[in-house]
Structures are given as structure tokens and as C-alpha cells.
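These are the residues of each chain, in order.
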Amino acid sequence: MKKINIFVITNLVLAVLFSLVNICFSPDVSCAAFLVSAVFTGFMVYFLYFQVSVKGNLDKIFVSTKFLQYEPFVFLIAFIMRRAGAKGTSFAFDFFCVILWLGIFISGIILQKFFTPKKFESITGQKIKDFKNEKISRMLIKGKTRSGQKAKTSDYAKWFGFEILDWADAIVQAVFTVLLFQIFFFQFYKIPTESMVPEYMVNDRVAVAKITSGPKFPLSDVGLPCIRKFDRGDIVVFRNPHYTINRESEVKTVVSQIVYMLTFTLVNPNTDEHGRLKADPLVKRITGVAGEQLMMQDGILYRRTEALKEFTPVKEDQDWAVYNLHTENEAVKKYIKDLSITDEIYERLLEAETKRNALDIKESEKTCRELVKEFERYLPSVNSEKYSQDELLSLFTSRDLEAEKMYVFYSDFAQHLISLKQGRLWFNSFMTDWIDSYESFVKDGYVGGNLYDDSSFKLNLLYKIALGKAVVYIAKNMRDSVPSDIWMNSKEFLKNHEELKLLFHCICFQDLRNMPVFPANGDNGEPQYIPENCFFMMGDNRFHSLDMRHTEQEFLAKLTRFDNYSINYVSCMKPMYVPKKMILGAAGIRFWPIGRPVRNSKMNKNK
């Protein structure tokens, strides 16, 4: 018994120390950490020390064993509660608490081993009762109790109650064991969206290796070191940086995991401030690494570094990125839920991009001036008045110049513009204001000095020219008093309408097909690069992935910053990188379903 008592005293001393270091006087939840750990330690001292070690009451070994089984879970909860308050704790303090917790955990496991009937008898020569319920049930079936007497109704009731408690105990312990397992070893993750199609389908289950990725104790920086090297192409699971991650949110996350598992995945209280389930964590592919500056144009990802000054395509990304899912093999497509981007839509997008890329800016300058002259020819003669640039800019709001509104209501816009006394001056500025200034922004053959800014500038011009042609055509017919039902069905009008539709279609995909230079250049124009131990992630299914290119909050943005009268569009573009410490682990084996058809890019590699 002396051997067992050594571990009993060790365990209880560590538990007392752990309780004492949790003393806190902040008026928040952190105060409860001491109460929880102290009360639990008090019960442990009573049963494990006074009843078993001092009095030798072997009937209390079963209860003591149950306390030992729950001990690491209760103290882990106390650990979390102590750090859930308004005031944080230092790394040194957290490290000391973790050492105490590990000591409690290891000594508790050893004691549980000692308290098994065979082991206890081999050490002490004394027998303890085996409380395994299956033995009792077999005896009750024969109508007898443990002592051999005839079973009564109360005996069956006790057995039934014990059975219920035994099941509840098993479930609770399983939940906390899985929680510990998920914190430090593996986490099983269900794919919630189609952002990684065709690599992963919705509801695929993958195992995420965490032990090599530096798992930490909740709400602390104490844990195992990260020994895994992440690189481009790795599919990783990481905390969503779009959400605020602090002590309060981390507590909610841990509690949500416990509730989620206790309710067999029926209840998930991990919601945002609007009551919506959090998209956290995320699973994406690493597409950019430290030391790189990225840019994406027409679905092609580019990179440059300090050594590689020019943007060059990232060849590997073209194997992963998918835009037209209809090109996948039929075996893969039958598992894809959203195939709304049809071949026709994608071909129209490529057509618009080709037209934009072929745009001659000098020819566009000429076209814009001609449209201004033609528009003035169709307007009634009025006395010319001078208006400041600010007055003209304030004539229409940013929302008025939004691409979708212009496309849907351009006929109303044209008629309203014609009726304004400032109409001809505003149209002149709208079509030509960019001409005198854009050349000063040309660098290395590109407006803005890079392909993204240059392409956005050209798309803005194309849309303005198409809109300008529609406005001029409507002005001409209004001057000639042609009924609207006639000119709205003419070939010229329908041709202009299709042109606007094509370009609006291209603008709708602006943030899904392209990304500005990231990180953005410094104020002096010097390139900035992704910092050390940081990564950039995107989903493979680029049209259906809200990833590190985007923010969840939509806003109105200019198509180009090089035109005061730029067309605007609804954007969610706000690139950000992810620190390594937010990566939970690499997504490895898909354990359910067992088999999935192979995507085309992998089939082509194997040929």
C-alpha cells in the first residue's frame, strides 16, 4: 500500500497546488476556476486520502477511481476558466500550470491502473470489489444479488439506475477524451462548403494532423512545438482570421465543441454576433508563402520575390484552381452540388476578358472624344455655365455609378442626364476626365505598373464606352422624337445592350477571377512581401470560395483608382495572410467516404 500512497500523495499535492495557483480576485469568470478546482480537490482528498489511504476503506476505491478519471477534465476546465477573464496570464504562469496538470494527469493514470482488482491484489494482497455492471446483470438474470440472496424489485431498480449512470458516465468521458484528442493529436473535420471541390466534396470527413503542427493548451501559448513545414500546395485547416479571436471567443469555441459532441452534433452554439454559425475553422490550400508578393489576373496566380523582380505565373496553382467544373470527368461531377457556372457563362467571361485585354487605350481616347461631340450635337442649345469639378462629381453618387444599376437602368440614366443643364459637362468629364492623367500612372507598360491595375483600367474604359454609346443613341432618338418602343427594339440598341451585358458579366466575376497586388506596395512604391511564418490560402473552387482574398463585408469599390469618374461595383476584396500559429494542422486522409473519383488534374499527372 505504501507504493500506492506515494502516488496518492503526489496526485493530491499537485491538485492542491493547481487549485492554489488558480486563486484570482477579478470580478469575472476567472474567480470560478479556484472554486471548481478547490471543491473537486476537496472531494479527492476525502475519498482518496482519508477513506482509502488512511482508513483503508476499500469500498471507496470505485468512487475514487471515478474522481481520478474526471480529474484531468475538471482541471482543464479550471485552466480555461482562469484564462477566460478580462485579465490574461503570463506564459511562465501558464507553463507552470501545464506542468502541474501533466503531473496530475500522469499520476492519475498510474493510480487508476493500481486500482484495478488484479493489480491492487498483486500489490497489497487485498481484494476489492469488481463493480463491472455486466457481472451484476448476469447475476440478476438468475434472480440473485451479488451476495447470492434472492433478488428483489429494488435490486433491479438499483441495477437499472446504475446502468443509466454508467452510460452517462461513458458518454461524458468519451466527449472529454475526444476533446483532448482533438486539441493535441487529430481533429476530424467535416467539409461544409464546395470551396475545395473537386479535391473535397461537401460533407467529406478528413483527419487533420495536429500533433506536428504545434498544438497549444486552450487560451495559452503553451504546448508542443510545430515541427511540420508547411509549403505551397498543402491543404490546411486554420482559424478564420475574419473573426475576432480573443479569450472570450476561445472560451465560446471550447464550450461549443463540448456541447456539440454531448448533443451528438445536433446543437452547435458557436455563432457570430448575428446568430449565424461561424465558418471556423476553414479548410483551404496554401497558395502563397513567406517572401512572396502575389497578384491574380484572369484566373492566373502570379508571384514575385526580392530575387525574382517580375511577376511570373505560379505553375502549380494551375493544377489546383478550377473555374469551369463542367470540364471535370463525369464521375467527379455527380458529387458536385453547384454547377451553376455553365459552359456558356464561362465562355462569355473569357470573351469579355479577351476583348478587354485587346483594348487599345489610344483608340479608346479617340472613341470617348467622338462620343462627347456626338452627345452634344443631340442636346438642345443652352447657355454654357461653368461648374467646378467637385460640383460635377457630386451630381451622381457612387451608388448611381454602380455597374449593376447602370446596366439595369441605363435608359433612365440617359434620359435623366439629357434633362440636366449640367448634363453635357458631366458627360464630357465622365468620358474624358481620365485622358489627361492616365499616362502619368503608366509604368513598365502598364497603367498602375501591374497587370491587375491595367486590366481593371481597361475594363472600366470598355464599360464606359458601351454605356456612352447607349446614352448617345438614346439622346439621338429623343431629339428625333422616336417612340421608345421603336428604338428599344432596334438592332443598334440591342447590340449596345448585349455589349453592356457582356461587360457587366465580367465585372460580376471581378473579385473571383482577379486579385490586386498583395501585399500592396509601400507608399514609396517598394514591393512588400508576405512576412515570415505567414501564408496565403485560397480554395480550389475559385468561383465558390470565400477565402483569404475576401472579407465577409461587401462594400462599393471603384473599378479603377485612375479615373475620378470610375464605374463602381460591389466588392468583397480585402486580401490577408494567415500567421502560422493560426494553422491547426494539415488536412490528410479522407476517412469518409472511403472512395472518391480522382479529379482531372491528378489523372493528367499520373499519365
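The structure this text deals with has already been given above.
Residues numbered from 1 in each chain as written. Predicted model: local features only at pLDDT ≥ 70, side-chain atom pairs only at ≥ 80, totals over all residues. Heavy atoms only, no water.

Student: In this structure, what is going on with unusual backbone geometry? I would like to understand it.
Tutor: With glycine set apart, most residues show a phi of negative sign, and most peptide bonds adopt trans. The linkage connecting D280 with the following residue, P281, adopts the cis geometry, with an omega of 5 degrees. Within the secondary structure layout, P281 lies in the loop between helix 8 (247-262) and strand 4 (282-288). Residue P519 is bonded to the preceding F518 through a cis peptide linkage, with omega at -10 degrees. One can find P519 in the loop between strand 10 (515-518) and strand 11 (534-538). Unlike most non-glycine residues, N203 shows phi in positive territory, near 75 degrees. By secondary structure assignment, the location of N203 is in the loop between strand 1 (186-190) and strand 2 (205-209). Overall, N203 belongs to the partly exposed group, its relative accessible area being 34%. In this model, S481 sits at a positive phi of 55 degrees, which is unusual for a non-glycine residue. Structurally, S481 can be placed in the loop between helix 17 (451-479) and helix 18 (484-487). (Helix = DSSP H or I, 4+ residues; strand = E, 2+ residues; numbered from the N terminus. Buried < 20%, exposed > 50% of the residue type's maximum accessible area, 1.4 Å probe, protein only.)

Student: Where do I start with the side chain of K284 in this structure?
Tutor: Tracing the backbone through its elements, the reader meets K284 in strand 4. Among the polar contacts listed, one links the side chain of K284 to the side chain of S545, at a separation of 3.4 Å. If sequence neighbours within four positions are ignored, K284 has contacts with S195, M196, D234, I235, V236, F238, M537, M538, G539, S545, L546 and D547. (Polar contact = N/O pair within 3.5 Å; in protein donor to acceptor, adjacent residues only side chain to side chain. Contact = heavy atoms within 4.5 Å.)

Student: In this structure, what is going on with the pattern of salt bridges? I would like to understand it.
Tutor: Oppositely charged side chains can form a pair if their charged atoms are brought close together. All chains considered together, the criterion is met by 30 salt bridges. The shortest N-O distance in the salt bridge between D204 and R596 comes to 2.5 Å. On the criterion of sequence distance, the pair formed by D204 in the loop between strand 1 and strand 2 and R596 in the loop between strand 15 (583-592) and helix 21 (600-606) is long-range, its members being 392 residues apart. In this structure, D280 engages R239 in a salt bridge whose closest nitrogen and oxygen atoms are separated by 2.9 Å. Taken together, the residues span a long stretch of sequence, with D280 in the loop between helix 8 and strand 4 and R239 in the loop between strand 3 (235-238) and helix 8 at a distance of 41 residues. Residue classification places D280 among the buried positions, given a relative accessible area of 13%. On the basis of relative accessible area, R239 is assigned to the buried category, the value being 13%. In this structure, a network of salt bridges that share partners links the residues E199, R285, D540 and R599. (Salt bridge = Lys/Arg side-chain N within 4 Å of Asp/Glu carboxyl O.)

Student: Looking at this model, I keep getting lost on the layout of surface pockets. Mind explaining?
Tutor: A water-sized probe, rolled over the atoms, reveals where empty space remains. Of the voids in this model, the second largest pocket is the one considered here, and its volume is about 1000 Å³. Taken together, 41 residues line the second largest pocket, and the ones lying closest to its centre are G448, N450, D453, V517 and N521. Mapped onto the lining of the second largest pocket, the elements with two or more residues apiece are strand 6 (300-304), strand 8 (442-443), helix 17, strand 10, strand 12 (550-558) and strand 13 (568-573). Across the lining of the second largest pocket, the residue classes break down as 21 nonpolar, 11 polar and 9 charged. (1 Å grid on protein atoms, 1.4 Å probe; cavity = no way out; pocket = protein on both sides within 12 Å on 5 of 7 lines; lining within 4 Å. Points joined across faces, edges and corners; volume = space filled by probe spheres on them. Nonpolar A, V, L, I, M, F, W, Y, C, P; charged D, E, K, R; others polar.)

Student: When you look at empty space enclosed by the protein in this model, what are you seeing that I'm missing?
Tutor: Evaluated as defined, the whole model comprises 1 cavity of 30 Å³ or more. Its boundaries defined by the atoms lining it, the largest cavity holds a volume of some 40 Å³. Considering the residues around the largest cavity, the lining is formed by Y323, L325, D338, L339, S340, I341, F543 and H544.

Student: Just checking my understanding: could you explain the sheet that holds strand 4 for this structure?
Tutor: Whenever strands of a sheet pair, they do so through backbone hydrogen bonds, lying parallel or antiparallel. With respect to topology, 7 strands assemble into an open sheet ordered 1-2-15-3-4-11-14, the strand pairing being antiparallel. Only two strands of the sheet have a single neighbouring strand rather than two, namely strand 1 and strand 14 (578-579). Summarising the sheet, strand 4 and strand 11 pair through 3 bridges and their orientation is antiparallel. Bridged to I286 within strand 11 is M537. (Pairing = 2+ DSSP bridges.)

Student: I tried to follow helix 15 (residues 410-419) on my own but got confused; where do I start?
Tutor: In an α-helix, one full turn covers 3.6 residues, which means residues spaced three or four apart are oriented alike. All of the buried residues in helix 15 are Y410, S411, F413, A414, L417 and I418. Projected onto a plane normal to the axis of helix 15, the buried residues spread over an arc of 160 degrees and lie on a single side. On the buried face of helix 15, the contacting elements are helix 12 (361-378), helix 14 (403-408), helix 16 (423-432), helix 17, helix 18 and helix 19 (491-508). (Arc of directions from axis to C-beta.)

Student: Just checking my understanding: could you explain the state of the cysteines for this structure?
Tutor: Cysteine pairs can be covalently joined through their sulfur atoms, and such a bond is termed a disulfide. Under the criterion given, the structure shown has 0 disulfides. Here C534 stays free of any disulfide, with the sulfur of C226 as its closest cysteine sulfur at 13 Å. (Disulfide = S-S within 2.5 Å.)

Student: When you look at the nonpolar core in this model, what are you seeing that I'm missing?
Tutor: Taken as a class, soluble globular proteins show a tendency for nonpolar side chains to be buried jointly. With 92 residues, the main nonpolar core has F375, W426, Y463 and M537 as its most contacted residues. M537 has contacts with V236, F238, K284, R285, I286, T287, D547, M548, V578 and I583, leaving out every residue within four places of it along the chain. By size, the runner-up hydrophobic cluster in this structure holds 46 residues, among which are L48, F73, W101 and M261. (Core = buried A, V, L, I, M, F, W, Y, C linked by side-chain atoms within 4.5 Å.)

Student: It is not clear to me how the sheet that holds strand 6 should be interpreted in this structure. Could you clarify?
Tutor: Strand order in the open sheet formed by 4 strands is 7-6-5-10, and the pairing between neighbours is antiparallel. Each edge of the open sheet is held by one strand with a lone partner, namely strand 7 (312-313) and strand 10. Here strand 6 pairs with strand 7 via 2 bridges, running antiparallel. In the sheet register, Y302 faces strand 7, and the bridge partner there is P313. Across the face of the sheet, helix 17 comes into contact with strand 5 (293-297), strand 6 and strand 10 while running at roughly 30 degrees to strand 5. (Axes fitted to C-alpha atoms, helices over the stretch in contact; angles between N-to-C directions.)

Student: Sorry if this is basic, but what is going on with the environment of G223 here?
Tutor: With respect to the element layout, G223 can be found in the loop between strand 2 and strand 3. Judged by relative accessible area, which is 38%, G223 ranks as partly exposed. Separated by 56 residues in sequence, G223 and A279 have C-alpha atoms that sit 25 Å apart. Discounting chain neighbours no more than four positions away, the residues touching G223 are P215 and K216.

Student: I keep staring at the packing of helix 1 (residues 2-21) against helix 2 (residues 32-54) and nothing clicks. Help me out?
Tutor: Working note: a packed helix pair is described by the angle between its axes plus the distance between those axes. Closest axis-to-axis distance for the helix 1/helix 2 pair is 9 Å, and the angle between their directions is 160 degrees. Viewed along their axes, helix 1 and helix 2 adopt a mutual orientation that is roughly antiparallel. Relative to helix 2, helix 1 is oriented so that their crossing is left-handed. Residues N5, V8, N11, L12, A15, V16, F18 and S19 of helix 1 form the contact with helix 2, whose participating residues are F34, S37, A38, T41, M44, V45, L48, Y49 and S53. Its residues placed into classes, the contact of helix 1 with helix 2 shows 11 nonpolar, 6 polar and no charged. (Parallel < 35°, antiparallel > 145°, perpendicular 65-115°, else oblique. Left-handed = near helix turned anticlockwise from the far one by under 90°.)

Student: For this particular structure, what's the right way to read the pairing of strand 15?
Tutor: Note that strand 2 and strand 15 share 4 bridges and pair antiparallel. Paired with R205 across the two strands is W592, which belongs to strand 15. Examined bridge by bridge, strand 3 and strand 15 share 3 bridges and lie antiparallel to one another. Residue V237 lies in a different strand from strand 15, and its bridge partner there is G585.

It is worth stressing that arrangement in space is one thing and function is another; only the former is reported here.
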